[in-house]
Amino acid sequence: MFPACRYSLQARRCVGALKAVQAEHVAPQVYSTRSSSSTVPRITTHYTVCPRDKDPRWEGVEMERFADEADVVIVGGGPAGLSAAIRLKQLASQHEKELRVCVVEKASQIGAHTLSGACLEPTALSELIPDWKERGAPLNTPVTEDKFSILTEKYRIPVPILPGLPMNNHGNYLVRLGHFVRWLGEQAEEMGVELYPGYAAAEVLFHEDGSVKGIATNDVGIAKDGSPKDVFERGMELHAKVTLFGEGCHGHLAKQLYKQFNLRENCEPQTYAIGLKELWVIDEKKWHPGRAEHSVGWPLNRNTYGGSFLYHLNEGEPLVALGFVVGLDYTNPYLSPFREFQRWKHHPSVMSTLEGGNRIAYGARALNEGGVQSIPKLTFPGGMLIGCSPGFMNVPKIKGTHTAMKSGMLAAESAFSKITDENLQSETAGLYIPEYEEAFKKSWIWKELYSVRNIRPSFHSYFGLYGGMVYTGIFYWILRGKEPWTLKHNGLDSAQLKPAKDCTTIEYPKPDGKISFDLLSSVALSGTNHEHDQPPHLTLKDDSVPVAQNLGIYDGPEQRFCPAGVYEYVPVETGDGMRLQINAQNCVHCKTCDIKDPSQNINWVVPEGSGGPAYNGM
């Protein structure tokens, strides 16, 4: 059965590659489909919303799925998933056990959907692979200089970074995280981990007793209108004793698991930010390898959480990574994170670095900011949550890779003893491993996140940015998180927008094409591509909601919070009024729409495998 599985997967990869090549030569098309009313343009055709068992076009279509088994299945080939896989194989080798570990990753290549600043703290890496330097890990730029500042419209106010504050980056490395993840994948494969890039985990499978059985990859060969194409092929099932979910921020399978097992019962709602990033090649005279610059303030007002980074990388050319982060709890529906990013680059302290340079890459990703207050229950029968899926980012540090990696290692260590216990009497078909959560709360991850738990919510006061900075400077620096209280967040980010009539329109300057750019030319630099003839993976629970509520009340905020131009309101073809057009081909998989939609009507699901951005070391 195993060889057949390998050949089947390789064959499907070839088909997917051919489709991707064909899609490059097909012009994007606009369409409208499903409707809850004859007067509302139809939009959603995805089978998660439009059941196929009631669709006559699917009668007689073979729906049986091929199934394969492993000891552990890991969803997501990022830092957490690959660290878990490597640790499992290390333990298997140490104890002379056979262990089959499979990693499924929706990107066409390992690391192609990875985007982060990134300033990497090597703590977890040194624990996992102590000889990472000898193995050629792409950590080429140790931080040699830290700068932090508050920006006004024209000036930069330096702020000293006191010893012990989270922004101190001594001992850390400026990296291209996609390259680091690709290297981790190579280490995993050398140890015998089976990596399956280009396969999107679309469904959680359950045993009859309700425990997790594994996952199913998504079906391919479905037309835009939801009908089967001649090349339709059912996804495959991967069953395991335990499944690790490391999908990254706001994973769509994790959302299902939260509801299925009530994992968020005893925590606050997660709160998020969107991070936008570009890579530039700059004038060598302005290049300072190892310099890490961070700022807060302009162009955001004091009550909108956010900030920026500018990292000088030592990658063989004068390269800088720059980015802008905006908390998704902002209230003005006219705010555009992308355009705030473009405006920030015109600040004199930033523009002086970029002038004469060349922008070579762009991307965006949502990130967790809830901290310990928002961490859900991590274990359930048959599975565990790891990495940025539950949310282990240290917000004041602006780092989450080291904590994600450590969580994967802890999950692997907790799972290994049970998987290999020949005398284990499990109460459920899928193994329940509460030891992982216990290990997590005893680890340095919990200690680190607990100590900074109040910094992000301290920005919710009337004084906003300045109140948060005072809190950090006094309480954190003196008490190191030992204050006997825990502040709360403001609730769901989707509930924070005010009606458009109560807000001021934000007038953004036009891009100059040298420092600032328009949205579509930016998306082009992300390498984003999807098979055009497939149902949009941005699904709507109700097609009538966008115009009636989002446009009517909030003036269509999805047009502005999406960093890829996926959503736009256009005139209906006949008669008066507007309709929502979804340009799913543009989607960079950031998940912002699923998070910030004030109606919570958008449900992001995976497209066909290999679709999405093709980041090169972002």
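Quick caveat: nothing in here was measured; it's all calculated off a predicted structure.

Asker: What am I meant to see in the sheet that holds strand β4 (residues 141-142) here?
Answerer: Paired through their backbone hydrogen bonds, the strands of a sheet run either parallel or antiparallel. Spatially, three strands are ordered β3-β7-β4 in an open sheet, and the strand pairing comes out antiparallel. Whereas interior strands pair on both sides, the edge strands pair on one side only; in this sheet they are β3 (119-120) and β4. Sheet topology note: the β4/strand β7 (residues 173-174) ladder contains two bridges and is antiparallel. Residue pairing in the sheet places Pro142 in a bridge with Tyr173 of β7.

Asker: Please clarify how the confidence of the model for the protein should be interpreted in this entry.
Answerer: Do not read the predicted coordinates in detail wherever pLDDT is low. In this model, the protein carries a mean pLDDT of 91, and residues with pLDDT of at least 70 account for 94%. Counting interchain partners and residues more than four positions distant, the pLDDT-below-50 stretch residues 1-38 has 75 contacts.

Asker: Sorry, what's going on with the UniProt feature "transmembrane region" (unreviewed entry) in the protein here?
Answerer: What UniProt calls "transmembrane region" (unreviewed entry) maps, in this numbering, to residues 459-479. Between the C-alpha atoms that bound residues 459-479 there is a distance of 18 Å. The span itself is 76% helix and 0% strand.

Asker: What's the story with the sheet that holds strand β6 (residues 156-158) in this structure? I'm lost.
Answerer: Taken in spatial order, the seven strands of this open sheet run β6-β5-β15-β16-β17-β14-β18, and their pairing is mixed. In this open sheet, the two strands that pair with only one neighbour each are β6 and β18 (358-368). For this sheet, the mean angle separating the axes of adjacent strands, direction not counted, is 20°. Where strand β15 (residues 291-297) meets strand β16 (residues 306-314), four bridges bridge the pair, whose relative direction is antiparallel. Paired with Ser295 across the strands is Ser308, a residue of β16. Its contacts with the sheet put helix α6 (residues 337-344) on β5 (145-151), β14 (272-281), β15, β16, β17 (318-327) and β18, and the angle it makes with β17 is roughly 135°.

Asker: Please explain helix α10 (residues 444-451) as it appears in this structure.
Answerer: Because each turn of an α-helix spans 3.6 residues, side chains separated by three or four positions in sequence point in the same direction. Along α10, the positions that sit buried rather than exposed are Ile445, Glu448, Leu449 and Ser451. With its buried residues spanning 165° around the axis, α10 presents them on a single face. Structurally, α10 contributes buried residues whose contacts are with α8 (401-419), α9 (435-442) and α11 (464-479). By the N-cap criterion, in which a side-chain oxygen at the helix start approaches the backbone nitrogen of a residue two or three places on, α10 is capped by Ser443, the distance to Ile445 being 3.2 Å.

Asker: Whenever I open this one, the domain arrangement of the protein confuses me. Can you help?
Answerer: One widely used convention gives an interface's size as the accessible area the parts lose upon coming together. As assigned here, the protein comprises domain 1 (66-139 + 175-269 + 374-452) and domain 2 (515-604). Taking only C-alpha atoms into account, the centre of domain 1 sits 29 Å from that of domain 2. Of the residues lining the interface, twelve residues belong to domain 1; the matching set on domain 2 comes to eleven residues. Between domain 1 and domain 2, a total of about 970 Å² is buried, with carbon and sulfur atoms accounting for 49% of that surface. Applying the counting criterion to the domain 1 and domain 2 interface returns three salt bridges. Between Asp533 and Lys229 there is a salt bridge whose closest N-O contact spans 3.9 Å. Across the contact surface, domain 1 and domain 2 share seven residue pairs in polar contact (both at pLDDT 80 or more). The class makeup of the residues in the side of domain 1 that touches domain 2 is three nonpolar, five polar and four charged.

Asker: Where do I start with the pattern of salt bridges in this structure?
Answerer: A side chain with one charge can pair with a side chain of the opposite charge if their charged atoms come near. Under the defined criterion, the tally for this structure stands at 28 salt bridges. Between Arg135 and Glu190 there is a salt bridge, with its nearest N and O atoms 3.9 Å apart. Taken together, the residues Arg135 in the loop between α3 (123-128) and β4 and Glu190 in helix α4 (residues 177-190) connect sequence positions 55 residues apart. Overall, the relative accessible area of 42% leaves Arg135 in the partly exposed class. Sharing partners across several salt bridges, the network here consists of Arg52, Asp219 and Arg234.

Asker: Is there a simple way to think about the side chain of Arg456 in this case?
Answerer: Following the sequence through the fold, Arg456 ends up in the loop between α10 and α11. Among the polar contacts listed, one links the side chain of Arg456 to the side chain of Asp329, at a separation of 3.0 Å.

What counts as what
Residues numbered from 1 in each chain as written. Predicted model: local features only at pLDDT ≥ 70, side-chain atom pairs only at ≥ 80, totals over all residues. Heavy atoms only, no water. Pairing = 2+ DSSP bridges. Helix = DSSP H or I, 4+ residues; strand = E, 2+ residues; numbered from the N terminus. pLDDT = per-residue confidence, 0-100. Contact = heavy atoms within 4.5 Å. UniProt positions renumbered as here; feature names shortened; annotations may be inferred. Axes fitted to C-alpha atoms, helices over the stretch in contact; angles between N-to-C directions. Buried < 20%, exposed > 50% of the residue type's maximum accessible area, 1.4 Å probe, protein only. Arc of directions from axis to C-beta. Polar contact = N/O pair within 3.5 Å; in protein donor to acceptor, adjacent residues only side chain to side chain. Domains from an automatic or database assignment. Buried area = accessible area lost by both parts, 1.4 Å probe. Salt bridge = Lys/Arg side-chain N within 4 Å of Asp/Glu carboxyl O. Nonpolar A, V, L, I, M, F, W, Y, C, P; charged D, E, K, R; others polar.

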